[in-house]
Amino acid sequence: METVAPAVDLVLGASACCLACVFTNPLEVVKTRLQLQGELQARGTYPRPYRGFVASVVAVARADGLCGLQKGLVAGLLYQGLMNGVRFYFYSLACQAGLTQQPGGTVVAGAVAGALGAFVGSPAYLVKTQLQAQTVAAMAVGHQHHHQSVLGALETIWRQQGLAGLWRGVGGAVPRVTVGSAAQLATFASAKAWVQEQQWLPEDSWLVALAGGMISSIAVVAVMTPFDVVSTRLYNQPVDRAGRGQLYGGLTDCMVKIWQQEGPLALYKGLGPAYLRLGPHTILSMLFWDELRKLARRCQHQDT
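Values in this document were obtained by computation on a predicted structure and should not be read as measured data.

1. Topic: the overall build of the protein
Part 1 of the argument: Helix and strand counts for the protein come out as 9 helices and 0 strands.
Part 2 of the argument: The secondary structure elements of the protein, listed N-terminal to C-terminal, are α-α-α-α-α-α-α-α-α.
Part 3 of the argument: For a compact globule of 304 residues, the expected C-alpha radius of gyration is about 19 Å, and the protein comes in at 19 Å, within 12% of that figure.
Part 4 of the argument: Based on the C-alpha atoms only, the size of the protein along its principal axes is roughly 60 × 40 × 35 Å.
Part 5 of the argument: Residues counted as buried form 50% of the 304 residues belonging to the protein.
Part 6 of the argument: Here the analysis covers contacts within the protein between residues at least 6 apart in sequence; of these, 80% occur between residues at least 24 apart.
Part 7 of the argument: A total of about 13600 Å² of accessible surface is found on the protein, and carbon and sulfur atoms cover 65% of it.
Part 8 of the argument: Taking the average location of the 23 positive side-chain charges in the protein and that of its 16 negative ones, the two points are 10 Å from each other.

2. Considerations on the layout of surface pockets
Part 1 of the argument: Taken as a whole, the largest pocket encloses approximately 360 Å³ of empty space.
Part 2 of the argument: R43, Y46, R48, K269 and G270 are, among the 20 residues lining the largest pocket, the residues nearest its centre.
Part 3 of the argument: For the lining of the largest pocket, the element with the highest residue contribution is helix α9 (residues 271–303), accounting for 3 residues.
Part 4 of the argument: Classifying every residue of the lining of the largest pocket gives 9 nonpolar, 6 polar and 5 charged.

3. Description of the environment of L10
Part 1 of the argument: As for its position among the elements, L10 is in helix α1 (residues 6–36).
Part 2 of the argument: Taking C-alpha positions, L10 is 9.3 Å from L82, a pair spaced 72 residues apart along the chain.

4. Let's talk about the pattern of salt bridges
Part 1 of the argument: Using the criterion set out here, one finds 11 salt bridges in the structure.
Part 2 of the argument: Residues D228 and K31 are paired through a salt bridge, measuring 2.7 Å at the closest nitrogen-oxygen approach. Of the two residues, D228 sits in helix α7 (residues 206–236) while K31 sits in helix α1, which places them 197 residues apart along the sequence.
Part 3 of the argument: Taking the relative accessible area as the measure of exposure, D228 reaches 2% and is therefore buried.
Part 4 of the argument: Linking R176 and D228 is a salt bridge whose minimum nitrogen-to-oxygen distance equals 2.6 Å. Here D228 lies in helix α7 and R176 lies in helix α6 (residues 170–198), a separation of 52 residues in the sequence.
Part 5 of the argument: Three or more residues are tied together by salt bridges with common partners; here these are E28, K31, K128, R176 and D228.

5. A few points about the packing of aromatic side chains
Part 1 of the argument: Applying the stated criterion to the full structure yields 4 aromatic pairs.
Part 2 of the argument: Here a set of aromatic residues connected by ring pairs shows up, and it is made of Y79, Y125 and Y235.
Part 3 of the argument: Sitting over the ring of F88, R87 keeps its end group 4.8 Å from the ring centre.
Part 4 of the argument: When the ring centre of Y125 is taken as reference, the NZ or CZ atom of K128 above it lies at 4.3 Å.

6. Regarding empty space enclosed by the protein
Part 1 of the argument: Applying the stated criterion to the full structure yields 2 cavities of 30 Å³ or more.
Part 2 of the argument: Of the pockets and cavities examined, the second largest cavity occupies roughly 50 Å³.
Part 3 of the argument: Along the walls of the second largest cavity sit C21, T24, N25, E28, G76, Y79, Q80, Y125, K128, R176 and R277, which together make up its complete lining.
Part 4 of the argument: Put simply, the parts of the chain that give the lining of the second largest cavity at least two residues each are α1, α3 (73–96) and α4 (105–133).
Part 5 of the argument: Considering each element in turn, the lining of the second largest cavity owes the most residues, 4 residues, to α1.
Part 6 of the argument: Of the residues contributing to the lining of the second largest cavity, the split by class is 3 nonpolar, 4 polar and 4 charged.

7. Some remarks on the UniProt feature "repeat: Solcar" (unreviewed entry) in the protein
Part 1 of the argument: Feature annotation in UniProt assigns "repeat: Solcar" (unreviewed entry) to the following positions: residues 4–97, 101–194 and 204–295.
Part 2 of the argument: Between the C-alpha atoms that bound residues 101–194 there is a distance of 16 Å. The span itself is 70% helix and 0% strand.

8. Focus on the packing of α7 against helix α8 (residues 251–262)
Part 1 of the argument: Interhelical geometry of α7 versus α8 gives an angle of 105° and a closest axis separation of 10 Å. As the angle between them shows, α7 and α8 are arranged roughly perpendicular. Of α8, the residues touching α7 (which contributes F227, V229, V230, R233 and L234) are L251, C254, M255, I258 and E262.
Part 2 of the argument: For the contact of α7 with α8, the per-class residue count stands at 8 nonpolar, no polar and 2 charged.

9. Focus on the packing of α3 against α6
Part 1 of the argument: Direction vectors running N to C along α3 and α6 enclose 55°, while the axes themselves pass 12 Å from each other. With respect to α6, the axis of α3 lies oblique. Both α3 and α6 take part in a crossing whose hand is right-handed. Along its contact with α3, which presents Y79, M83, R87, F88 and Y91, the element α6 presents R176, V177, S181, Q184 and L185.
Part 2 of the argument: Counted by class, the contact of α3 with α6 contains 6 nonpolar, 2 polar and 2 charged residues.

10. Notes on the side chain of E39
Part 1 of the argument: Secondary-structure assignment places E39 in the loop between α1 and α2 (53–64).
Part 2 of the argument: No salt bridge is formed by the buried E39; the nearest opposite charge belongs to R233, separated by 4.2 Å.
Part 3 of the argument: Residues in contact with E39, not counting those within four places in the same chain, are G142, R233, L247, Y248 and E262.

Quick notes on the rules
Residues numbered from 1 in each chain as written. Predicted model: local features only at pLDDT ≥ 70, side-chain atom pairs only at ≥ 80, totals over all residues. Heavy atoms only, no water. Helix = DSSP H or I, 4+ residues; strand = E, 2+ residues; numbered from the N terminus. Rg over C-alpha atoms; globule rule 2.2 N^0.38 Å. Buried < 20%, exposed > 50% of the residue type's maximum accessible area, 1.4 Å probe, protein only. Contact = heavy atoms within 4.5 Å. Areas by Shrake-Rupley, 256 points an atom, 1.4 Å probe, with all protein chains shown as cover. Lys, Arg positive; Asp, Glu negative; His and termini not counted. Charge placed at Lys NZ, Arg CZ, Asp CG, Glu CD. 1 Å grid on protein atoms, 1.4 Å probe; cavity = no way out; pocket = protein on both sides within 12 Å on 5 of 7 lines; lining within 4 Å. Points joined across faces, edges and corners; volume = space filled by probe spheres on them. Nonpolar A, V, L, I, M, F, W, Y, C, P; charged D, E, K, R; others polar. Salt bridge = Lys/Arg side-chain N within 4 Å of Asp/Glu carboxyl O. Phe/Tyr/Trp six-rings, centres within 6.5 Å; stacked < 30°, edge-to-face > 60°. Lys NZ or Arg CZ within 6 Å of the ring centre and 35° of its normal. UniProt positions renumbered as here; feature names shortened; annotations may be inferred. Axes fitted to C-alpha atoms, helices over the stretch in contact; angles between N-to-C directions. Parallel < 35°, antiparallel > 145°, perpendicular 65-115°, else oblique. Left-handed = near helix turned anticlockwise from the far one by under 90°.

Here it is in structure tokens:
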């Protein structure tokens, strides 16, 4: 891939993913509701206000209005900016150091960069999940936190649970983004290179990045969805006065309880919206990032 300064990659990566987030946030709202529906209940024993992607979009719009499809957008943009800014910055550093040229280097660099980004962005993802779960009582799934705004949510969590409360659930977020980032960055780089080698498309065409993003999105969704379900549950669960989760003790406990009480397929709840969200988000973010990097390189060449 073209080389640009890590600081430039920070800005470009954050900007590209925030732009993609604006288009994919409604899918994130639907995915969150589906993943919380029937929490720790056997299949067929609970009401299902959300059934499939299209019906769920209509259900959200009826319950919360069209604006409800953009619930948590501000928190989502904050998360994307923080997480992906850090992620692309450290991945760019790894590229400059030549680590990605080593066997398995792209996977390791993507995983480490993703883990760092997930940790930094965790408070924003916590608030985003809780805001997107909120709805009217008749359509509510999962615990309802009743936040009024992003700042209000951060203030409430800080006041009731302390600084550590803002990072509650990070144990599920770090593995989620680690595997997703490793799959995304590694497969995008290799897929783009493969498409270029086939010479089906002009080398500098944006269609090359689009094709690479389409291939990358399949890998991301396949490995990320179980961790995504667990992460949503950990972030949204109610807590006691000590700030401990009342439903799950952590990543492993959550995964085991979902498997035992809801069945193994429950780890893929919301798979359809997850792909429809992660697919376009991966394609758009990697496409925007790739095109912005090309623009940055042209500007560097003109300056020299």
